[in-house]
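Overview (structure and organization)
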Number of protein chains: 2
Amino acid sequence: MMPRKSRAETMEANRQKLISAAREAFATAGFASASMDELTASVGLTRGALYHGFGDKKGLLAAVIAQVDGEMATRAKEAGAQVNDPWESLLAEATAYIEMALDPQIRRIVLLDGPAILGDPSQWPSQNACLATTEQAVADLVARGVMKPVDVEAASRLLSGAAFDAALWVGASDAPDIALPKAVHAYRTMAEGFLAK
Amino acid sequence: MMPRKSRAETMEANRQKLISAAREAFATAGFASASMDELTASVGLTRGALYHGFGDKKGLLAAVIAQVDGEMATRAKEAGAQVNDPWESLLAEATAYIEMALDPQIRRIVLLDGPAILGDPSQWPSQNACLATTEQAVADLVARGVMKPVDVEAASRLLSGAAFDAALWVGASDAPDIALPKAVHAYRTMAEGFLAK
DNA sequence: GCACATTGCATACGGAGCGTATGTGAGCTG
DNA sequence: CAGCTCACATACGCTCCGTATGCAATGTGC
């Protein structure tokens, strides 16, 4: 009865502890300034665990981003599902992205450090759940004729990219609570360029 | 007759040599991996010159970005000036941004590393000439009633941000020459959301 | 024009961090 | 229960950044 925790269990637990600590450290210090010695020590481990489980520092970032990206896509889908009109549903998803990205953790890790370290989001290993969900919605709207017949990949990339860019602008603004409605309104206006007449 | 070069002249020359070398090094290796020892040695100097003239590594990046940003804004203005119709002039500027950002140097330094190291472009020390020029054009179009009466700051930020995002997508694409026209077309379509009816 | 102050840049030093190579002890296996 | 496995710890070397100090050439007051 001794092994209250099996080997695989503690391994997964340690993995999550590291990812959780990394979300905090990467968000507050930034990827470059985050010390892996401190990070691992803060959860009672050493760098040995890190390099065994994630390969290198970038690997840990990729794991963090994959997790956050998944959470964001889930929340966006939920927001979109609460609206019936298909076009408004897409805008609800996008607005959800903007509001989620006001979280400094997300801005710093996913929007700033992520592209710089891992390259353009379109070729992240986690295959970008956020981008995939908007692409799905856009493909549907184009098929229904709600949106003009534009290239689905390009349009969805522009829509999600603009949403995150709007969030970066709001987050860097002096008065985010004032900038947010401006950004959302401008975003909706711009997105309507895709609407079929 | 000895001092063929005055002190101020050599100082400015060294400054430009460092900036020029940094554009190359930051673009190929990325900001984080660029060694300042190698960089300074490549132009016959040492890190002493760097820290005296730019403060730190980030300072050199800021100087590089200020220079590139200025060049981009100039080229965009030229592209816009070649078109008479004011709305098409704005689109010409934006398309110029997309095409310029296909240069790997610009993508890597200005679009990827820049925001990660210096923060959101809206608050760069060089006060972002690119953003300023599109803001100028947008303000004019709103005043003329060509564009809907949206918030100028928000709209111009979305327009320039989307242009650069489009370039990132094209640059990361497998077949950039195929993706580019798709991106430009989708961009134009989306931007028309701002057009007054 | 000469002594002196200035300063742009080089040299030297210390510290931190990453990645790897190797060790080890707790769990799985037969 | 004996031996293997492997997740993780330990130890090492290397690179790199930032600062403190030194120096020599340029510019300045008299």
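Model, not experiment: these values are computed from the prediction. (Residues numbered from 1 in each chain as written. Chains lettered and ligands numbered in written order. Predicted model: local features only at pLDDT ≥ 70, side-chain atom pairs only at ≥ 80, totals over all residues. Heavy atoms only, no water.)

1. What about the overall build of chain A?
Note the threshold: Every helix listed is a DSSP run of H or I at least four residues long, and every strand listed is a run of E at least two residues long, numbered separately from the N terminus. Exposed residues in this analysis have more than 50% of their type's maximum accessible area, buried residues have under 20%, and partly exposed residues fall in between, with area computed by a 1.4 Å probe over protein chains only. Note on areas: Shrake-Rupley with a 1.4 Å probe; residue coverage comes only from the protein chains shown. Positive charges are assigned to Lys and Arg, negative charges to Asp and Glu, while His and the chain termini are left out of the count. Working definition for charges: the position is that of NZ of Lys, CZ of Arg, CG of Asp or CD of Glu.
When you go through chain A residue by residue, the secondary structure sums to nine helices and zero strands. The helix and strand sequence of chain A, counted from the amino end, reads α-α-α-α-α-α-α-α-α. Once the C-alpha set of chain A is aligned to its principal axes, its extents read approximately 65 × 40 × 30 Å. Expressed as a percentage of its 197 residues, the buried residues of chain A come to 50%. Taken as a whole, chain A presents about 9300 Å² of accessible surface, with 53% of it coming from carbon and sulfur. In chain A, the 19 positive side-chain charges and the 24 negative ones have mean positions that sit 5 Å from each other.

2. Overview of the interface of chain B and chain A
Interfaces are often described in size by the accessible area the parts lose on coming together. Put simply, the test is: Any two residues having at least one pair of non-hydrogen atoms within 4.5 Å are treated as being in contact. In short, buried area is how much 1.4 Å probe accessible area vanishes from two parts on joining, totalled over both. Salt bridge, as used here: a side-chain nitrogen of Lys or Arg that lies within 4 Å of a carboxyl oxygen of Asp or Glu. The definition of a polar contact used here is a pair of N or O atoms within 3.5 Å, where within protein one atom must be able to donate a hydrogen and the other to accept one, and adjacent residues in sequence count solely through side-chain atom pairs.
On the chain A side, the residues contacting the 34 residues of chain B number 34 residues. Per-residue buried area on chain B facing chain A is highest for Leu-158, Trp-169 and Met-190 of chain B; these three make up 24% of the total on that side. Linking chain B with chain A are six salt bridges. Salt-bridge contacts for Asp-151 of chain A lead to Lys-182 of chain B; the nearest nitrogen and oxygen are separated by 3.6 Å. Across the contact surface, chain B and chain A share four residue pairs in polar contact (both at pLDDT 80 or more).

3. Points about the pattern of salt bridges
This model, assessed by the stated rule, comprises 18 salt bridges over all chains. Salt-bridge contacts for Glu-71 of chain A lead to Arg-23 of chain A; the nearest nitrogen and oxygen are separated by 2.9 Å. Of this pair, Glu-71 of chain A sits in helix H4 (residues 57–81) while Arg-23 of chain A sits in helix H1 (residues 7–29), and the two are 48 residues apart along the sequence. By sharing partners, the salt bridges in this structure join Asp-120 and Arg-157 of chain A together with Asp-165 of chain B into a single network.

4. Comments concerning the protein's contact with DNA strand C
Filter applied, for reference: Whether a residue is near a molecule or strand depends on its heavy atoms: if one lies within 4 Å, it is near. Three classes are used: nonpolar for Ala, Val, Leu, Ile, Met, Phe, Trp, Tyr, Cys and Pro, charged for Asp, Glu, Lys and Arg, and polar for all others, with Gly counted as polar.
Near DNA strand C lie 19 residues; those nearest to it are Arg-47 and Tyr-51 of chain A together with Arg-7, Asn-14 and Thr-46 of chain B. Each atom of DNA strand C within 4 Å of the protein was assigned to sugar, phosphate or base; sugar and phosphate come to 65%. At 2.5 Å from a phosphate oxygen of DNA strand C is found a side-chain nitrogen or oxygen belonging to Asn-14 of chain B. Within the contact set of DNA strand C, a phosphate oxygen lies 2.7 Å away from a side-chain nitrogen or oxygen of His-52 of chain B. Taken together, the residues that form the surface near DNA strand C break down as seven nonpolar, seven polar and five charged.

5. Focus: the environment of Tyr-97 of chain B
Residues and elements named next belong to chain B. Examined against the element boundaries, Tyr-97 turns out to sit in helix H5 (residues 86–100). Residue Tyr-97 is classed as buried on the basis of its relative accessible area, which comes to 1%. Measuring from C-alpha to C-alpha, the distance between Tyr-97 and Ala-163 comes to 6.4 Å, with 66 residues separating the pair along the chain. Ignoring any residue separated from it by four or fewer positions in sequence, one finds Tyr-97 in contact with Met-72, Ala-73, Ala-76, Cys-130, Thr-133, Thr-134, Ala-163 and Phe-164. A polar atom in the side chain of Tyr-97 sits 3.2 Å from the backbone oxygen of Cys-130.

6. Thoughts on the protein's contact with DNA strand D
What surrounds DNA strand D is a group of 19 residues, the closest being Arg-7, Asn-14 and Thr-46 of chain A together with Arg-47 and Tyr-51 of chain B. Between a phosphate oxygen of DNA strand D and a side-chain N or O atom of Tyr-51 of chain B, the distance comes to 2.5 Å. The set of elements that each furnish at least two residues to the surface near DNA strand D consists of H1 and helix H3 (47–54) of chain A together with helix H3 (47–54) of chain B. Split into classes, the residues belonging to the surface near DNA strand D amount to seven nonpolar, seven polar and five charged.

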